[in-house]
Amino acid sequence: MINRRRCLALAASALGCSRSTLSAARRRSSRARVVVVGAGFAGSACALRLRQLDASIEVSLLDPVERYVTCPMSNEVIAAMRPLDSLVVTEAGVRRAGVVRVHERVLGLDSGGTRLRLEHGRALPFDRLVIAPGIRLLWDRIEGYDPAAARLMPHAWQAGEQTRVLAQQLQSMPDGGVVAICVPSGLMRCPPAPFERASLIAQYLSLHKPRSKILIFDANNHFPRQDLFSAAWNTMYPGMLEWIASTEGGELQRVDGASMTLYTGSGAHVVAVANVIPPQAPGQLALDLGLASGHGWCPVDPSSFQSTLLERVHVIGDACIADAMPKSASAGVSQARQCAAAIAALLAQREIPAAAFDSVCYSHLSSDRALSIPGRFGVRDGQIVSTAPAASTEQAEAAQADTQSAESRRAEDWYRRIRAEAFGA
């Protein structure tokens, strides 16, 4: 028989357990929840950084793809300098950091703008939402160029299968064939990359198919570090590359994949390999959620990368309008750092830290030579501006001539570091 004192003790113990359980439940429900959509460089780096800044934040990273293939260094795969598998990163690093990986597509936002609707019918609540959707390719801008044509004339601007296809086409083309690279106008991912690609393809051809030629059809009249690229081409690959500017008929207008014919302002060109890079815009999700402005890209507050069109939603990486910053992996990771710091501060009701950004684009000229385009940026009058004065052409040429071999080694070191920062790899 339980006496009165024992009964009171049991009741008190039960009440204590109940209060403890309720307190734990309240703690769990009061934890801030941040959802990041897009597991590329920017999105994954933001998720990792949030966990580093405040481990109490529940961070979910959404992307239906489990294995990500990096665009940086993919030109080396095309030129048979490294295997495609070397570009693959898994989600193991973000999982170790306590980020929850969700392999579902986002259908949209609920009417209150506080939950994401996912493809399998559930809803994911959030206090802050980060969208890092990358780019989408605008198939309708070049007549005849669609996903079917891309199997014959690969763009290889989203690394993976397209990278492999372009590499195989180069390997199987006859010596003496013409390789065409078509560069679009407008904002695009990694503006120097087509010219790095041309350089590395030129190295491959000079070794294996020396009678071949590369035509670069450009819808622009200038490209980044044109002076340095041109000087390197003249020295290393004399007579192999020809750059055709927009004013000289370089803009691609139409393609015929079946006959491998490109139609530009300078006429019809039948080629052995056609690398057609189409115009670009933010990933489809940015458009679906109403984050893109009238001119196509996503306007943000540069101190926090919060959308100016939707509350509590942030946009980072290639999709956002970042003014002076290029659209590149390093720029996306730099934006991710600031976005994560801003979100952590907003959730803790602290002041957002001052914004400072950096980026660097490495472009290989050959297997052992490279050039770099570094940048530092800050926020002034609501815009991201360059804070490092650009070197003169003469200064840049003198510096690069002495350091191109060192820059090639730095590029490899940079790639390892940025993979670690973005993916915990």
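Since the structure is predicted, the reported quantities are computational estimates derived from the model, not experimental observations.

Give me the lowdown on the overall build of the protein, citing residues and values where you can.
Scanning the protein for helices and strands turns up eleven helices and 24 strands. Contacts spanning at least 24 positions in sequence make up 66% of the contacts within the protein whose residues lie at least 6 apart. Total accessible area computed for the protein in this model is approximately 19,400 Å², and 50% of it derives from carbon and sulfur atoms.

Describe the pattern of salt bridges, naming the residues involved and giving the relevant values.
One pass over the full model with this rule turns up 17 salt bridges. Glu-104 serves as the salt-bridge partner of Arg-122, at 3.0 Å between the closest nitrogen and oxygen. Of this pair, Arg-122 sits in the loop between strand E7 (115–118) and strand E8 (123–125) while Glu-104 sits in the loop between strand E5 (100–102) and strand E6 (106–109), and the two are 18 residues apart along the sequence. Looking at Glu-104, the relative accessible area reads 9%, which means it is buried. Among the ionic contacts, a cluster of salt bridges with common partners joins Glu-76, Arg-82 and Glu-412.

Quick one: what's the story with the side chain of Thr-261, residue by residue and with numbers?
Here Thr-261 shows up in strand E15 (residues 261–264). By relative accessible area, which is 5% here, Thr-261 ends up buried. A distance of 2.8 Å separates the side chain of Thr-261 from the side chain of Ser-259, its partner in a polar contact. Setting aside its immediate chain neighbours within four residues, Thr-261 contacts Met-153, Arg-254, Val-255, Asp-256, Ala-268, His-269 and Val-270.

Requested: an account of the packing of aromatic side chains, with residues and values cited.
Enumeration over the complete set of coordinates arrives at twelve aromatic pairs. Ring geometry for Phe-41 against Tyr-68: centres 6.1 Å apart, planes inclined by 85°, an arrangement best described as edge-to-face. Within this pair, whereas Phe-41 is found in helix H2 (residues 41–53), its partner Tyr-68 is found in strand E3 (residues 68–69), the two being separated by 27 residues in sequence. Residue classification places Phe-41 among the buried residues on the basis of a relative accessible area of 6%. Each residue in the set Phe-195, Phe-223, Phe-229, Trp-233 and Trp-243 is aromatic and connected to the rest through ring pairs, giving one cluster. For Arg-254, the ring lying beneath its charged end belongs to Tyr-263, and the centroid distance is 3.8 Å. Positioned over the ring face of Trp-297 is Lys-327, at 4.2 Å from the centre of the ring.

Before we move on, can you summarise the pairing of strand E17 (residues 273–276) with the specific residues and values?
Burial of E17 is two-sided: the residues Val-273 and Asn-275 facing one way and the residues Ala-274 and Val-276 facing the other way are all buried. Here strand E11 (residues 178–183) runs beside E17; their pairing, made up of four bridges, is parallel. The partner of Cys-182 across the bridge, within E17, is Val-276.

Which residues make up helix H7 (residues 193–208), and what values go with them?
Its 16 residues place the ends of H7 22 Å apart at the C-alpha level, agreeing with the 22 Å of an ideal helix rising 1.5 Å per residue. The element H7 is extensively covered by neighbouring structure, given that 13 of its 16 residues are classed as buried.

Report on the sheet that holds E11, specifying residues and quantitative values.
Read from one edge to the other, the open sheet built from four strands follows the order E13-E12-E11-E17, with strand pairing classed as parallel. The strands lining the two open edges of the sheet, one partner per strand, are strand E13 (241–244) and E17. When the angles between neighbouring strand axes are averaged without regard to direction, this sheet yields 15°.

Quick rundown of the environment of Phe-195? Include the residues and the values.
By secondary structure assignment, the location of Phe-195 is in helix H7. Given the relative accessible area of 1%, Phe-195 is considered buried. In this structure the C-alpha to C-alpha distance between Phe-195 and Phe-223, which are 28 residues apart in sequence, comes to 8.4 Å. Among all residues touching Phe-195, those that are not within four sequence positions of it are Val-183, Ile-216, Asp-218, Phe-223, Pro-224, Phe-229, Trp-233 and Trp-243.

Rules and cut-offs
- Residues numbered from 1 in each chain as written.
- Predicted model: local features only at pLDDT ≥ 70, side-chain atom pairs only at ≥ 80, totals over all residues.
- Heavy atoms only, no water.
- Helix = DSSP H or I, 4+ residues; strand = E, 2+ residues; numbered from the N terminus.
- Contact = heavy atoms within 4.5 Å.
- Areas by Shrake-Rupley, 256 points an atom, 1.4 Å probe, with all protein chains shown as cover.
- Salt bridge = Lys/Arg side-chain N within 4 Å of Asp/Glu carboxyl O.
- Buried < 20%, exposed > 50% of the residue type's maximum accessible area, 1.4 Å probe, protein only.
- Polar contact = N/O pair within 3.5 Å; in protein donor to acceptor, adjacent residues only side chain to side chain.
- Phe/Tyr/Trp six-rings, centres within 6.5 Å; stacked < 30°, edge-to-face > 60°.
- Lys NZ or Arg CZ within 6 Å of the ring centre and 35° of its normal.
- Pairing = 2+ DSSP bridges.
- Expected span 1.5 Å × (residues − 1).
- Axes fitted to C-alpha atoms, helices over the stretch in contact; angles between N-to-C directions.

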